[in-house]
Amino acid sequence: MRGIIKYTLGIYLVGILLFIPCTIQPRALPNTTITDIKMDKVSNYLSTKYKRDIKDIKAVVKVAYKYGHKHKFPTHTDILAIIAIESSFNKYAVSSANAKGLMQILYKKSSFNLEDNISDGVWLLKDYKAKLSVEGTIHAYNVGIGNYKSGMRNFEYFNKFKT
């Protein structure tokens, strides 16, 4: 009987520990939050996939998180998806239409500055989202709001965004 009680008590305690939020920092990573760990994993994945310097990618992920973690749309993952499609994380990318930077901003004020480029891209996305659905916003971001209103769509771009 004593063995059954010890076993049951052990299962009960493990169950409690699994459901109590834990704020203990891992020893190997002092002063590290779960968000930092997730951002590191995302950065490592993107750096490998797009063959970019890890420091550059970490900076992009940090800024994307800064601008996207408070919103339903665009979230930081939406921002990173658009950057991946638009520039493959090349911060000096210039399109044939002269769109510049990570988010391929197309207007005179556009800049290669990481913070400005992502901030401007998020501003455009939020502006379009105020007028359109999420799907419409993604199409308008790619083809331009005027072209979108005229009926132009790029489903290949949208499908890349969804995946």
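Calculation rules
Residues numbered from 1 in each chain as written. Predicted model: local features only at pLDDT ≥ 70, side-chain atom pairs only at ≥ 80, totals over all residues. Heavy atoms only, no water. Helix = DSSP H or I, 4+ residues; strand = E, 2+ residues; numbered from the N terminus. Buried < 20%, exposed > 50% of the residue type's maximum accessible area, 1.4 Å probe, protein only. Contact = heavy atoms within 4.5 Å. Areas by Shrake-Rupley, 256 points an atom, 1.4 Å probe, with all protein chains shown as cover. Axes fitted to C-alpha atoms, helices over the stretch in contact; angles between N-to-C directions. Parallel < 35°, antiparallel > 145°, perpendicular 65-115°, else oblique. Left-handed = near helix turned anticlockwise from the far one by under 90°. Nonpolar A, V, L, I, M, F, W, Y, C, P; charged D, E, K, R; others polar. Arc of directions from axis to C-beta. Polar contact = N/O pair within 3.5 Å; in protein donor to acceptor, adjacent residues only side chain to side chain. Core = buried A, V, L, I, M, F, W, Y, C linked by side-chain atoms within 4.5 Å. pLDDT = per-residue confidence, 0-100. Patch = residues over 30% accessible without salt bridge, like charges linked within 9 Å, V, L, I, M, F, W, Y side chains within 5 Å. Salt bridge = Lys/Arg side-chain N within 4 Å of Asp/Glu carboxyl O.

1. Here we look at the overall build of the chain
Here's step 1: Within the chain, the regular secondary structure consists of eight helices and zero strands.
Here's step 2: Moving toward the C terminus, one meets the helices and strands of the chain in the order α-α-α-α-α-α-α-α.
Here's step 3: Here the chain, with 163 residues, has 32% of them falling under the buried criterion.
Here's step 4: Contacts in the chain between residues at least 24 apart in sequence constitute 33% of all its contacts with a sequence separation of at least 6.
Here's step 5: Approximately 11,000 Å² of the chain is accessible, and the part contributed by carbon and sulfur atoms is 59%.

2. Concerning the packing of helix α4 (residues 76-87) against helix α8 (residues 155-162)
Here's step 1: Contact geometry of α4 with α8 gives a least axis separation of 9 Å together with a crossing angle of 135°. If you check the angle between α4 and α8, you find them oblique. The handedness of the crossing between α4 and α8 comes out as right-handed. Note on element contacts: α8 touches α4 through Tyr-157, Lys-160 and Phe-161, opposite Asp-78, Ala-81, Ile-82, Ile-85 and Glu-86.
Here's step 2: Its residues assigned to classes, the contact of α4 with α8 shows five nonpolar, no polar and three charged.

3. Observations regarding α8
Here's step 1: Along α8, the residues that are buried comprise Tyr-157, Phe-158 and Phe-161. Projection of α8 onto a plane perpendicular to its axis shows the buried side chains occupying an angular sector of 95°, all on one side. α8 presents Glu-156 and Lys-162 as exposed residues on the side facing more than 90 degrees away from its buried surface.
Here's step 2: Those residues of α8 that are buried lie in contact with α4 and α6 (134-143).
Here's step 3: Capping of α8 at its N-terminal end is provided by Asn-154; its side-chain oxygen lies 3.2 Å from the backbone amide nitrogen of Glu-156.

4. Observations regarding the nonpolar core
Here's step 1: Core analysis: the biggest nonpolar cluster contains 32 residues, and Ile-79, Ile-82, Ile-83, Phe-89, Met-103, Ile-118 and Tyr-141 have the highest contact counts within it.
Here's step 2: Beyond its immediate sequence surroundings of up to four residues, Ile-82 is in contact with Met-103, Leu-125, Ile-138, Tyr-141, Tyr-157 and Phe-161.

5. Quick notes on the confidence of the model for the chain
Here's step 1: Mean pLDDT over the chain works out to 83, with 79% of the residues at or above the 70 mark.
Here's step 2: Element-level mean pLDDT values for the chain span from 40 in helix α1 (residues 2-19) up to 96 in α6.
Here's step 3: Between residues 1-29, whose pLDDT stays under 50, and residues either more than four places distant or in other chains, the model counts five contacts.

6. Focus: a nonpolar patch on the surface
Here's step 1: A cluster of nonpolar residues, Tyr-92, Val-94 and Phe-112, forms a patch on the protein surface that exposes about 300 Å² of accessible area.
Here's step 2: The class for Phe-112 is partly exposed, based on a relative accessible area of 33%.

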